[in-house]
Structures are given as C-alpha cells and as structure tokens.
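Here is how the chains run, residue by residue.
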There are 2 protein chains.
Amino acid sequence: MIPHGLSNEMALRTQRIADQLKSQGTDAILVSENANLYYTSGRVFCGFTYITADGDVTYFVRRPVGLTGDNVRYIRKPEQIAELLPQMPQSIALELDSAPFSTVERLRKVFGDARVANGSDILRRCRAVKTPYEIARLTESGVHHAMAYSRIPRIYRGGMTDVELQVEIERVLRNEGCLGQFRIAGGSMELFMGNLLTGENADAPSPYDFAMGGAGLDLSLPVGCNGSAINPGQTVMVDMCGNFTGYMTDMTRVYYVGRLDPTAAKAHQLSIDIHHRLAQEFHAGCEAKRMWEVAMEIVAEAGMDDYFMGHAQKAGFVGHGVGIEVNELPVLAPRSRDVLEDGNVIAIEPKFVIPHVGAVGIENTYVVRPDRLECITNAPEPLTELLYY
Amino acid sequence: MIPHGLSNEMALRTQRIADQLKSQGTDAILVSENANLYYTSGRVFCGFTYITADGDVTYFVRRPVGLTGDNVRYIRKPEQIAELLPQMPQSIALELDSAPFSTVERLRKVFGDARVANGSDILRRCRAVKTPYEIARLTESGVHHAMAYSRIPRIYRGGMTDVELQVEIERVLRNEGCLGQFRIAGGSMELFMGNLLTGENADAPSPYDFAMGGAGLDLSLPVGCNGSAINPGQTVMVDMCGNFTGYMTDMTRVYYVGRLDPTAAKAHQLSIDIHHRLAQEFHAGCEAKRMWEVAMEIVAEAGMDDYFMGHAQKAGFVGHGVGIEVNELPVLAPRSRDVLEDGNVIAIEPKFVIPHVGAVGIENTYVVRPDRLECITNAPEPLTELLYY
C-alpha cells in the first residue's frame, strides 16, 4: 500500500493527525478526498483512510486491485467498514468542507450514533506544515519549474497570440516532467495548466478567486489567455502549473515585447522590492496578515494602489500556502488569523495590472524557516524581453 | 449576464428545470456548482442560479464584476439571497450529490424552515437530454476532435515514449482549439487531458472509474501513460480530451507499431462490429442496459470475455452520457435503469486489454435519435500503423 521507503513518512503524518484528533477529543477520522488520501497513504486510491486518535491506521480500498499490507482491507461499499472495525468510534471526523453532502450523510450512517466532527480543518492544519520529505518534493518541483521557464524566451516567435505561446509553454513544462494536474481545493476554482496574460486581457475580471483574471477562451472556463495578439509595448505574465512531484510550486515571471512601459517597469520593480522586504523580515512566528499589511504599505508609499492585485477587480490576498493543492494554509490576507510556522510553504504574489499594458510582478514559493523565508523558485526576476525572430 | 444570442436557449433550459420542480412539488432550486451554473446561464460565474417552479430565474453573482441584466443581483455572501427574494420558498432543491456538506448546511439556513430536496438528480436528468444548440456544440467538438486525431500518425517519431507522444498530441489538440479542461462529475475522478496506453501499462489497474487504467507517471495521479517505450508489436490507445466548446466529445482510436498482434487485431475488429451493431439496433426508447448486454453477447460469442473492458481489473460499463462533463446520464451498464431518450448524447467504448500488447477498441460519441444513433466523431476506425521515420 505505502510506496517503498515512505513508511516512516506516513507514520509521521498519521501521528500528527492522531495528535490533532486526541487534542480535540475525537476518536477517529475517515478520509475520502483524493488530496487527503494521497497525504495519508502516499498514493491516490479509491477508498478511505481511517486513523484513530491512538494512531492506528487502516486503509479501506475499493480500487485499484492488488494493494497489499497488514492494514489494507478491500471493501465494495463504505457500509462494510463498520463490520471490519475492531471497535466503533464514539465520535468520527469527516471532511465536511469538501466531501459532498450525500457522501457525508452516507458515511455518518456507517458510524451509527457517533458524534460527527469536521475533519477538514484537522487535515488542512496538518498539511499546512510540511515534513522534510514534502519540502524536498516541493524543492524538486521548484527546480523543474524554473528550468522550464528558462526556455520561454527561446520558444517565443513574433506574431504569436497569447494562447499559442501558452501551448508551447505547456509542452515545455510537460516535457520537463510536469504532471499537468492543477489541484485546487474547492470545486468552484478551475484552471487549465496555468494563466498567461497580455495587454487588455490582464484587466478582464474572472469569476475565480485567483490573484489575476483574464477573459479566457470560452465562457465555460472564463480565466486566462483569450487569443489576444502579443503587441509591442505590452507585457506577458506567465503563471503556469508547477506540479512535477504531486507537490506544486507556484511561480510567476513576466516578459515584454518591443518596448517597456515605464509604469509597468516601476510596478514590476516594486513587486521585487516587496518580495525582498518580506523575505528578510518574515519567518516562523510572524502573523500572516502582516505580510499583506507590509505589502500594502510599500505599495501605498509608491502611489501604486490603483493597480495592486488587480485593477477592474481586485484580489484580497498577497499570497497563500501551497503543497498538494495550490490553495493551502496559511492565507496572506488582511483578515487571516494564521501565524507562520516552521515548515509552511507559501507563495507570495504581489502583482499589478497596468491598464492596456498587462500584468507585472513576480511570484515565488518560499519555505518558512525559524529565522527566514527560503526561496525554492530561483530564477531571474527582472522583466525579460521577448525578441522577435 | 446571458451570452448574446442565447436568451431563448437559456429560457428553454430553465423551463425544463422548472417543469421538473413542479412535477416533484418543489418550489425552487439554488444552483451553485460550475457545470450547473454554466448549464443554467451560459457562463461559469461565482454565485448562484435561482429558479422557481414557475420558471422565474435570478442570478446571484459574487464575481466577476460587470455582469448586467434585469435578473442579476450582486451579493457578497449567500445569506443576502434571503433579503433579495420577493418570497421565500417552502421547499428548496440543493445539489446534495456534489456540493460540499458545509456548503449545503450554510445554504439550507438561508432558506430557514424550507424543506430541502435533492436538486442533483433534477439537473442530471435535464442535462442528459441535450437541446439542439447543445448538440451543435457537441458536433463541433467532434469535428475538431477527429481533425486533431488525424494528425497523430504525422507527429509520431520512432523511439518515442508514451508520454512523449501524449505531450505532442496534447499540443495538437490545444492548437486545434481544445480548452484542455476535462470536466468530470465527482471529486474522486481525475485525468489530465486524456489517456494514452501502450503495452503492459494498459493492464495496470487504476483507482479511477474509467474504462481503462494505466499506472500513470506518479502515485499522485495514478492513471494513464507511465513513461513506457512504445515497442514493436504493441498498440497505442489514444483517448484524449474532446472539450473544444465547453461540451466534450469522447473518442478513442488505436495505433500500432512494427507488427500487428493477431489477437489485438481480432479484438479491435470486434469492437468495431459492436459499434455497428449497437448503432443499427438502438435508438430512443431502448433500454440502456441492453447495450451492455448485446455487447457482452457478441464478446462471449467470440470468446474474448477475458479481455473485455479490462483484464487485471474490469470496468462495469460499456458507455456513458457526455456533455458539459464526461460522465453524464445515461449509463450503459448492467444495472442501469436508464431508457435512451431523443437528444441523449452517449459515448460507446467497447475496449479490450490484450496482456503484453496493449489496449484496443474504438470509442465514438453518438446522438440518440428517434430511429437511430448518429455518430459525431467521424474518423477512420481500423488500427492505424505508426511508421518509424
């Protein structure tokens, strides 16, 4: 069941979950969602991970066939779990924030009169603090992510539309080992392989809660590139999928064609300055909302508020945790109550939309350390010219 | 709000939903999931579509900014819906099968003492019978889908791995206009842009409820190509994303390299025979489960049961509805109670896994008509040789 070499890693993760269960007085948790199944077993499978407050783990598997291990039980339907448990819990945590209503209703019946607790928060909190193994996987994603981006100037050709350039970047990412899958918590956010924005389209509002928008190619997926020509004097923001290892880094770089708009250049440098300031001043123990406040102070001082985190429509955060999914804890937003912890991995993305020109600003992924933020998406940060040829 | 030219189309769809509400005695439905928001408004937005049994529609929008229309109301949070409704419903349908438990709990509070009904089934049933407009979108997807596949023999190069070929096919699909997004109902199914299988890997079981498996490139997404070399004597099954219009066709074609395994050739022809038989005999009014039974009879007669719909692990269906999502109604499976309706659009996929060789069999998408099935993924069906050069 557990992939070779990951027994200790999975024991560490399940112990964390067990500790959380114990501290809130819940007997057990039943995990059913893919990202959490992957977190608790090292693989996505169809079934459930059952963890008790004492740290005992059982994997109830429906598919695939052929998984083995002392704590693996094959089932056809969740109702069989009750028969297979040595003792029934008095209280059970379920993923109330992500599992569908009907699924939760079915699962709670499996546990008879057990009190139901919300397991979503437990799993979110555990997953927010990465293990050294997870940080190594994220670091590996970051290396490939940066390597793929380094090829962008070489694949640009004069006359390309935004979507034509995006498709070539997708190919470079995939050939670099990107799995493509862009995992987002919450069913109402969708994105295919990332977001590339140029010119006016950078200011088109989207329904999704991403930092940047774009009209998209179709009203069924209204975000990102929309078939615009990449014109001289405009920027091209590239914010594409960093899932190379099951763990996603988040990274944005910006390019321009022809000539560089001075407001765009100023805003881009401001983004870099914000990154450097935050990376110097923040570390484990700091309040996440202070990162938003410091960024806002720097932006206000430069008189660039109008463009910050969008123009026609603004995003209400300057960064977020990343890991198996792209929107994990902590949240770097004004009302966030999160405090940075050693082992958090966060993407910081102070961005600006300059009307008619495009979006600028970089995004990097950082590991939160006791005394600093450690960048794992290392690549040149200045605006890079895309040369016609 | 409603895209230009689609007012009558949306009125038709909402009237269908209203009729369903009326027939089951429910006062209104509140739609919150992306696929259903797209169905009821012609666009994905962040918010809710509210439809009464009398056919009145209100769009409660959180994002994006700038949508207009008589029946558009901007809200910050769902609790505001109660204040904006002219009268509160006595009973309200919610998407219990797809909306998260916490979301449903929050929404039901908005409606006070209203009885809660399951709206998922209403929407599934309505969406299963496509309008002429939707059939036109699916037909358009099918044309592009077939066009992209026609280029596959020209992009193959000797020595390619399965993933290298898949990445080139992804690029061809995207340049043909594919939106990439592979919408699947149910959070436990995931696939990136489709499935390409060769050799032994075709027999690797996956956790997902797709017709075919594959080990995948990573345990975080264990399905599809796994980096295998494409060897002489093996087949390459291509089953990639057909979302060109917000509506997805489903289409599979099979290629081979070097020499053609005779069992694979026989099984592939059997799949084609099954298609022709089903397309001749079935039409609106037929039982969906009979398609499974007829397919099984043909396979048993040919003595190919061992390989049908998988070998190490078998899928329990031979086809399924397609539309905005890839797994819609009707289901062509032994226990299905669905009866084919005029306007259903179904993918039929009788496939075989030949151990050590690969997967064979074609998949086509058909519109169910009163007197026949009309294929909308028209492309040559025989096994096609991929030539080294």
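For the structure, check the block above.
The structure contained in this document is the topic of the report that follows. (Residues numbered from 1 in each chain as written. Chains lettered and ligands numbered in written order. Predicted model: local features only at pLDDT ≥ 70, side-chain atom pairs only at ≥ 80, totals over all residues. Heavy atoms only, no water.)

## Considerations on the interface of chain A and chain B
Taken together, the contact between chain A and chain B spans 55 residues of the former and 55 residues of the latter. It is Phe101(A), Arg174(A) and Phe192(A) in chain A that bury the most area against chain B; as a group they hold 16% of the surface buried on that side. Counting every contact that joins chain A to chain B gives six salt bridges. Taking the shortest distance from any N to any O, the salt bridge between Arg171(A) and Glu168(B) comes out at 2.9 Å. Taken together, the links from chain A to chain B amount to 24 residue pairs in polar contact (both at pLDDT 80 or more). Those elements that provide at least two residues to the side of chain A that touches chain B are α2 (34-41), α4 (101-110) and α8 (162-175) of chain A. Take the side of chain A that touches chain B: its biggest share by element is seven residues, from α8(A). (Contact = heavy atoms within 4.5 Å. Buried area = accessible area lost by both parts, 1.4 Å probe. Salt bridge = Lys/Arg side-chain N within 4 Å of Asp/Glu carboxyl O. Polar contact = N/O pair within 3.5 Å; in protein donor to acceptor, adjacent residues only side chain to side chain. Helix = DSSP H or I, 4+ residues; strand = E, 2+ residues; numbered from the N terminus.)

## Examining the pattern of salt bridges
Residues and elements named next belong to chain A. Under the defined criterion, the tally for this structure stands at 48 salt bridges over all chains. A salt bridge links Arg290 to Glu293; the shortest N-O distance between them is 2.9 Å. With a gap of three residues between them, Arg290 and Glu293 both fall in helix α10 (residues 288-301), about one helical turn apart. A relative accessible area of 32% means that Arg290 is categorised as partly exposed. Note that Arg290 is salt-bridged to Glu297, the shortest N-O span being 3.5 Å. When salt bridges that share partners are traced, they join Asp97, Asp121, Arg124, Arg125 and Asp338 into one network. (Buried < 20%, exposed > 50% of the residue type's maximum accessible area, 1.4 Å probe, protein only.)

## Thoughts on the relation of the copies chain A and chain B
Note on the copies: chain A fits chain B at an RMSD of 0.0 Å, the axial shift is 0.0 Å, and the rotation between them is 180°. The relationship between the two copies is best expressed as a two-fold rotation axis. Both copies present the same face, since 100% of the interface residues in chain A are matched by interface residues at the equivalent positions in chain B. (Least-squares fit on C-alpha atoms with pLDDT ≥ 70 in both.)

## Considerations on the nonpolar core
Of all hydrophobic cores here, the largest spans 136 residues; its most connected members are Leu165(A) and Leu165(B). Apart from residues lying up to four places away in sequence, Leu165(B) is in contact with Ile155(B), Tyr156(B), Met160(B), Leu196(B), Ile230(B), Val236(B) and Leu386(B). The next biggest cluster of nonpolar side chains, apart from the first, holds 45 residues, and it includes Ala284(B), Val294(B), Leu332(B) and Leu373(B). (Core = buried A, V, L, I, M, F, W, Y, C linked by side-chain atoms within 4.5 Å.)

## As for the environment of Thr377(A)
Residue and element names in this part refer to chain A. The topology assignment puts Thr377 in the loop between β18 (373-375) and β19 (384-386). A residue is classified by how much of its surface remains accessible, and Thr377, at 0% relative accessible area, is buried. For the pair Thr377 and Ala146, spaced 231 residues apart in the sequence, the C-alpha separation amounts to 6.1 Å. Beyond its immediate sequence surroundings of up to four residues, Thr377 is in contact with Gly142, Thr249, Asp250, Met251, Arg253, Glu363, Asn364 and Thr365. Separated by 2.9 Å, the side chains of Thr377 and Asn364 make a polar contact.

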